[in-house]
Amino acid sequence: MEKNSGVNILSTPHITTSNHTTAKIIVGENRAFVTQSRITETVDLITPTVIKTFEYKDVGISLEITPHISQGGLVRLEIDSEFSKLIEDVTSPSTDTPTTAQRQAQTVVSMNSGSTIVIGGLIRDDKTNIVKKIPIVGDLPLVGGLFRFQKEQLEKTNLLMFITPYVVSSQEDMERITKVKRKEMEPALETIEQEDIEN
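Because the structure is predicted, anything quoted here is derived from the model rather than measured. (Residues numbered from 1 in each chain as written. Predicted model: local features only at pLDDT ≥ 70, side-chain atom pairs only at ≥ 80, totals over all residues. Heavy atoms only, no water.)

A.B. asks: What is the right way to look at the overall build of the protein chain in this model?
C.D. replies: When helices and strands are tallied, the protein chain shows one helix and six strands. In sequence order, the protein chain lays out its α and β elements as β-β-β-β-β-β-α. Buried residues in the protein chain amount to 18% of all 199 residues. Within the protein chain, residue pairs in contact and separated by at least 24 positions form 56% of the contacts whose partners lie at least 6 positions apart. (Helix = DSSP H or I, 4+ residues; strand = E, 2+ residues; numbered from the N terminus. Buried < 20%, exposed > 50% of the residue type's maximum accessible area, 1.4 Å probe, protein only. Contact = heavy atoms within 4.5 Å.)

A.B. asks: Explanation requested: the pattern of salt bridges in the structure shown.
C.D. replies: Opposite charge on two side chains permits pairing when their charged atoms draw close. Under the counting rule described, the total for this entry stands at two salt bridges. Measuring nitrogen to oxygen at the nearest pair gives 3.7 Å for the salt bridge that ties Arg 76 to Glu 78. Of the residues examined, Arg 76 reaches a relative accessible area of 33% and is grouped as partly exposed. Relative accessible area serves as the criterion here: at 32%, Glu 78 is assigned to the partly exposed category. For Arg 176, the salt bridge goes to Asp 173, with nearest N and O atoms at 3.7 Å. With a gap of three residues between them, Arg 176 and Asp 173 both fall in helix α1 (residues 171–198), about one helical turn apart. By relative accessible area, which is 48% here, Arg 176 ends up partly exposed. (Salt bridge = Lys/Arg side-chain N within 4 Å of Asp/Glu carboxyl O.)

A.B. asks: Sorry, what's going on with the side chain of Ser 84 here?
C.D. replies: Mapping Ser 84 onto the fold places it in strand β3 (residues 74–87). Looking at Ser 84, the relative accessible area reads 7%, which means it is buried. Setting aside anything within four residues of it in sequence, one finds Ser 84 in contact with Asp 58, Val 59, Gly 60, Ala 101 and Gln 102.

A.B. asks: Where do I start with the confidence of the model for the protein chain in this structure?
C.D. replies: Low pLDDT means the predicted coordinates in that region are not meant to be read closely. Looking at the protein chain as a whole, its pLDDT mean stands at 76, while 72% of the residues score no less than 70. Within the protein chain, strand β5 (residues 117–133) has the poorest average pLDDT of any element, 70, and β3 the best, 86. (pLDDT = per-residue confidence, 0-100.)

A.B. asks: Would you mind going over the nonpolar core with me for this structure?
C.D. replies: Looking at soluble globular proteins, one finds that nonpolar side chains tend to be buried together. With 10 residues, the main nonpolar core is built from Leu 63, Ile 65, Val 75, Leu 77, Ile 79, Val 109, Met 111, Ile 119, Met 161 and Ile 163. Every element with two or more residues in this core is listed here: β2 (50–69), β3, β4 (99–112) and β6 (148–163). With three residues, the top contributor of residues to this core is β3. Every residue in contact with Leu 77, bar those within four places of it in the chain, is listed here: Ile 65, Thr 66, Pro 67, Thr 107, Val 108, Val 109, Met 111, Ile 163 and Pro 165. (Core = buried A, V, L, I, M, F, W, Y, C linked by side-chain atoms within 4.5 Å.)

A.B. asks: Can you help me understand the pairing of β3 in this one?
C.D. replies: Regular strands show a simple pattern: their side chains alternate between the two faces of the sheet. For β2 and β3, the ladder comprises nine bridges, and the chain directions are antiparallel. In the sheet register, Ile 65 faces β3, and the bridge partner there is Ile 79. Between β2 and β3, which pair antiparallel and follow one another directly, the connecting turn spans four residues, one of which, Gly 73, has a positive phi of 90°. Bridging between β3 and β4 involves 14 bridges; their strand directions are antiparallel. (Pairing = 2+ DSSP bridges.)

A.B. asks: Is there a simple way to explain a nonpolar patch on the surface in this structure?
C.D. replies: On the surface, Ile 134, Leu 140, Leu 142, Val 143, Leu 146 and Phe 147 cluster together into a nonpolar patch covering about 640 Å² of accessible area. For Leu 140, the position within the fold is in the loop between β5 and β6. (Patch = residues over 30% accessible without salt bridge, like charges linked within 9 Å, V, L, I, M, F, W, Y side chains within 5 Å. Areas by Shrake-Rupley, 256 points an atom, 1.4 Å probe, with all protein chains shown as cover.)

A.B. asks: Mind showing me how you'd approach the environment of Gly 28 here?
C.D. replies: Secondary-structure assignment places Gly 28 in strand β1 (residues 23–39). Accessibility expressed as a relative area gives 52% for Gly 28, which makes it exposed. Taking C-alpha positions, Gly 28 is 4.0 Å from Gly 60, a pair spaced 32 residues apart along the chain. Contacts of Gly 28, omitting those with residues within four sequence positions, involve Val 59 and Gly 60.

A.B. asks: What's the story with the sheet that holds β4 in this structure? I'm lost.
C.D. replies: Whenever strands of a sheet pair, they do so through backbone hydrogen bonds, lying parallel or antiparallel. One open sheet holds the four strands; their spatial order is β1-β2-β3-β4, and the pairing between them is antiparallel. A strand with exactly one partner marks an edge of an open sheet, and here the two such strands are β1 and β4. Averaged over all pairs of adjacent strands, the angle between strand axes in this sheet comes to 20°, irrespective of strand direction. (Axes fitted to C-alpha atoms, helices over the stretch in contact; angles between N-to-C directions.)

Pasting the structure below:
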């Protein structure tokens, strides 16, 4: 998928859990959102004191999986996935009130160990009209257009999620999978080591 043009790999998380035990992994940021804002009584009208109440929310990719393994090796997965991202707010340029786009999928699937399944195809067209202007001057008639920038942004997103479960039934299986993951990480680790040497 990485070799195909127009495909952006958002994340490749890996997580290990026990049978019938829910596992959750979050790849993203913890952003502050203003839930309440008020101006205190002050004699200085030019620089009043503003008190804000914040609420922190996770923005990024969240994946929650509960596996159920049968005696025949069939894996049943209860999947709860969520993808959110910050988008440019067309109504308010303030960083205190960011706008987020959210995609969520909940499902139950069954498959064999080592098989790959595609969850959903969360398609969305985002059409955003972005306006940036100098306060007050950008709202003036006739000349306001000289102090205002406006563009229309169209983004088409098709979010696909690939999930591959592996049943680890022995210490040998655990060591084998660990070696495979370590080998996959070797190019990234070599790059980090090289950067450390150069620095």
